[in-house]
Amino acid sequence: MADRTDLLLRDVALWTASLVRQFPELSEELAPGRRGPAGTAPGPSPAGRDELIREERREALLLQQRHGLVVPGHGAAPIRLHVSDAIRDITDGVVELEEAVCARLALPRPPRAGVIDRLRRLVGLLGPVSAHPDLARHVRDEIRRMARRCARTLGDSETVVRVSGRCPWCDSVSLRAFPDRRAVLCVNPACVCADEVCGCQDDPAYRHLWPEDRWQELSEASGTRTDEIEAAMDDPKETSC
C-alpha cells in the first residue's frame, strides 16, 4: 500500500508542477489584440461591439476582484471568455481542494492566497496526505484535471521524441520522451498495468510515466538506453519523431 501511495503522490507532484508553470500564462491569454488560433470567427459587428466591451469590463472586474488577475493591455477589445472560464474553474477548484484537504487532516481553514501559493501549500501537505490513500487519490485526480484543462486552454503542444525499447507494461514500441517534463511516457492508449490504484485503471487518458529518477529502472525493463533518453531530453531537435 505504501508503494501505491508513493506513486499517487509522485503524480500529484508532477501535475502540480505543470499547473504552477502554466497557470500564470492564462492571464496573458486574456490580453486583447492577440491573434487567435486559425479558423477563429471574425470580429464582432459594430452593432455588437458595445455589448462586448461591457462584457469585457464586467469580466475584467470579476477576475481582478476574485483572483487578483489584471487583464494585460485592457482596452476596448473583448477578452477571451473561455480563458476566463478556465481561470475561474481552476481557481475555485484549487481553493476547494485545499480546504477539503485541511478539513480531512483536521487542520485550520487555510488563509486566503493566490492559486500558486495554495498549490505550494498543498504540496507541503503531501506528507500527512500520504496516510490517507483515498485522499491522495482524490488530490491526484483533481490536480490532474485542472492541469489538463489549463494545458488545453493554452493550446500547448509538447515536443515528443521516440525512444527505442518496449513498454514494460504493454510490450508496445510506444515509449516517447517529453523534454518539457523530462519524463518518458507510454503513449499506447490501451496500456494497462496490474496496479489497482494506478490511473490507467479508470482514466482512458492516463499514460504511464517514468521521471528522471526512474530512467535506469525503465532502461533495464524496456531495452532502451539511458544515454538515448538523455539525448532525447537534451537535444530533441536531433531525435524528434
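About the thresholds
- Residues numbered from 1 in each chain as written.
- Predicted model: local features only at pLDDT ≥ 70, side-chain atom pairs only at ≥ 80, totals over all residues.
- Heavy atoms only, no water.
- Helix = DSSP H or I, 4+ residues; strand = E, 2+ residues; numbered from the N terminus.
- Buried < 20%, exposed > 50% of the residue type's maximum accessible area, 1.4 Å probe, protein only.
- Contact = heavy atoms within 4.5 Å.
- Areas by Shrake-Rupley, 256 points an atom, 1.4 Å probe, with all protein chains shown as cover.
- Pairing = 2+ DSSP bridges.
- Axes fitted to C-alpha atoms, helices over the stretch in contact; angles between N-to-C directions.
- Parallel < 35°, antiparallel > 145°, perpendicular 65-115°, else oblique.
- Left-handed = near helix turned anticlockwise from the far one by under 90°.
- Nonpolar A, V, L, I, M, F, W, Y, C, P; charged D, E, K, R; others polar.
- Arc of directions from axis to C-beta.

**Q** How should the overall build of the chain be read in this particular structure?
**A** Within the chain, the secondary structure is distributed over 9 helices and 4 strands. Taken from the N to the C terminus, the helices and strands of the chain come in the order α-α-α-α-α-α-β-β-β-β-α-α-α. When the 241 residues of the chain are sorted by exposure, 41% land in the buried category. Within the chain, contacts between residues separated by at least 24 positions form 60% of all contacts whose residues are at least 6 apart in sequence. Approximately 13,000 Å² of the chain is accessible, and the part contributed by carbon and sulfur atoms is 52%.

**Q** Explain the sheet that holds strand β1 (residues 161-162) to me, please; I cannot follow it from the model alone.
**A** Across a sheet, paired strands are connected by hydrogen bonds in the backbone, their directions being either parallel or antiparallel. What the 4 strands build is an open sheet, ordered β1-β2-β3-β4; its pairing is antiparallel. The open sheet is flanked by β1 and β4 (209-211), the only strands paired with a single partner. Bridge analysis of strand β3 (residues 183-186) against β4 gives 3 bridges, and the strand direction is antiparallel. Bridge pairing in β4 links V184 to W210. Helix α7 (residues 215-222) rests against β2 (175-178), β3 and β4 of the sheet, and its axis sits at about 130 degrees to β4.

**Q** Before we go on, may I ask you to explain the packing of helix α3 (residues 81-104) against helix α4 (residues 115-124) in this structure?
**A** Between α3 and α4, whose axes approach to 10 Å, the crossing angle comes to 30 degrees. When the axis of α3 is compared with that of α4, the two are roughly parallel. Regarding α3 and α4, the two cross each other, and that crossing is left-handed. Facing α3, whose interface residues are T91, V94, V95, L97, E98 and V101, α4 presents V115, R118, L119, R121 and L122. Looking at the contact of α3 with α4 residue by residue, the classes come out as 7 nonpolar, 1 polar and 3 charged.

**Q** When you look at α4 in this model, what are you seeing that I'm missing?
**A** One turn of an α-helix holds 3.6 residues; hence residues three or four places apart share an orientation. Buried within α4 we find V115, I116, R118, L119 and L122. The buried residues of α4 occupy an angular sector of 160 degrees when the element is viewed end-on, so they sit on one face. Projecting away from the buried face of α4 at angles above 90 degrees are the exposed residues R120 and G124.

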